[in-house]
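Tertiary structure, described
So you can see what is in the structure, the chains are spelled out below.
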Amino acid sequence: MKLGIVGLPNVGKSTLFNAITNAGAQSANYPFCTIEPNVGTVAVPDKRLDKLTEMYNPAKTTPAVIEFVDIAGLVKGASKGEGLGNKFLSHIREVDAIVHVVRCFEDGNITHVDGSIDPLRDMETINLELIFSDMEMMERRIDRLKKTMKGGDKKNLAECELCEKILAVLQNGLPARSIDYTKDEFEIAKGANLLTLKPVIYAANMSEDDFKAGIDSNPHYQKVIARGKEENAEVLPICAEMEAQVSELSKEDKELFLSDLNLTESGLDRMVASCYRLLGLISYLTAGEKEVRAWTIEEGTKAPQAAGKIHSDFERGFIRAEIVSYDDLIECGSIAAAREKGLYRSEGKEYVIKDGDVVLFRFNV
């Protein structure tokens, strides 16, 4: 999973990205790696792996991973190629979801590029560039579809009508994701590779004082929540400065720091959970003496395709999946005890893997 972090200058985007990549560097389970200067890969937090590691004492533990891309270079006119506009838009096309950092804190020492704090204006500056790019794409697509229909080919009629519906929404200044699609419509829309169809998390960047006083009292944050609902986007309250501090702490100190603010998870943990929810992702687990590992799949994935995540041979030669739910395994204390209680079972090719399934795949190639 690849997430793109965007935002205007001085909103806390770089601070948040640096905190995220430092968290990766401090991770005990997965070493931080820099693919490029602006890309960082970090472990997906999953407490279930810790429990399974205690149970199996494996040679290694491997969490699922997530890639964050620090996308820079947006200016007004990006959709027309201004500044690094073309590069900015191409980077966004490559990510699965967008984390849009919005400044919701007041600080006289940090000048805002537009001279004042206005999260809705900031959101609109970036959103409009993405909307303009999508409008141009939709107009070209509609022209092409209409030409085919003039030749008597009516099979593209439904797609053309949907494209016109999307274009009308874009012309009203709203993103393509704000439409309630049918399943078939969404598949057609996905094929257009629209920037504003990508899932978005608005990271409302507030001060540590806001978190101490109660984030609901921040009027900027309330505006971001309201706009997020209009767009079918998630809103995540976060403090980039605080995340930078947390990323440098030990596990025990981190828990103490967060509890003082009445938080149970860091902003990074909550961001990853939001992304999984937005993208319809789940994790299944494999466990043994050699390795305990989490594997990320789309919700609704059947057992052979889930096996293919490990190796294509597993899918090609799939025989069955031997499965116990994580909760049942922890309650029983071992696979043997789960088998005795009838909780360890065999499933075939039509079984849909569930979040937290602990799986052993049987295959023969």
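Below is a short write-up of the structure. (Residues numbered from 1 in each chain as written. Predicted model: local features only at pLDDT ≥ 70, side-chain atom pairs only at ≥ 80, totals over all residues. Heavy atoms only, no water.)

Things to note about the overall build of the protein
- Within the protein one finds 15 helices and 13 strands.
- Across the 365 residues that make up the protein, the buried fraction comes to 47%.
- Taking the contacts inside the protein whose residues are at least 6 apart along the sequence as the reference set, 68% of them involve residues at least 24 apart. (Helix = DSSP H or I, 4+ residues; strand = E, 2+ residues; numbered from the N terminus. Buried < 20%, exposed > 50% of the residue type's maximum accessible area, 1.4 Å probe, protein only. Contact = heavy atoms within 4.5 Å.)

Focus on the packing of aromatic side chains
- Overall, the coordinates contain five aromatic pairs when judged by the stated rule.
- Stacked on the ring of Trp-295, the Lys or Arg Arg-293 has its end atom at 4.1 Å from the ring centre. (Phe/Tyr/Trp six-rings, centres within 6.5 Å; stacked < 30°, edge-to-face > 60°. Lys NZ or Arg CZ within 6 Å of the ring centre and 35° of its normal.)

Here we look at the side chain of Glu-243
- If you trace the backbone, Glu-243 turns up in helix H9 (residues 240–246).
- Among buried Asp, Glu, Lys and Arg side chains, Glu-243 stands out as unpaired, with Arg-270 the closest opposite charge at 4.7 Å.
- Beyond its immediate stretch of four places on either side in the chain, Glu-243 contacts Leu-16, Ala-19, Ile-238, Ser-266, Gly-267 and Leu-268. (Lys, Arg positive; Asp, Glu negative; His and termini not counted. Salt bridge = Lys/Arg side-chain N within 4 Å of Asp/Glu carboxyl O.)

Examining the pattern of salt bridges
- Per the stated rule, a full pass over the model turns up 22 salt bridges.
- Where Asp-46 meets Arg-48, a salt bridge forms, and the shortest distance between an N and an O atom there is 3.0 Å. Of the two residues examined, Asp-46 and Arg-48, each falls in the buried class.
- For Arg-362, the salt bridge is made with Glu-322, and the minimal N-O distance between the two is 3.1 Å. With Arg-362 in strand E13 (residues 357–363) and Glu-322 in strand E11 (residues 318–325), this residue pair connects regions lying 40 residues apart in the sequence.
- Taking relative accessible area as the criterion, Arg-362 reaches 36% and is therefore assigned partly exposed.
- For Glu-322, a relative accessible area of 7% puts it in the buried group.
- Linked by salt bridges that have partners in common, Asp-46, Arg-48 and Asp-355 make up one network.

Structural notes on unusual backbone geometry
- The backbone of Asn-57 sits at a positive phi, close to 45 degrees, despite the residue not being glycine.
- Here Asn-57 is to be found in the loop between helix H2 (47–56) and strand E4 (60–62).

What is shown is where atoms sit, not what they do.
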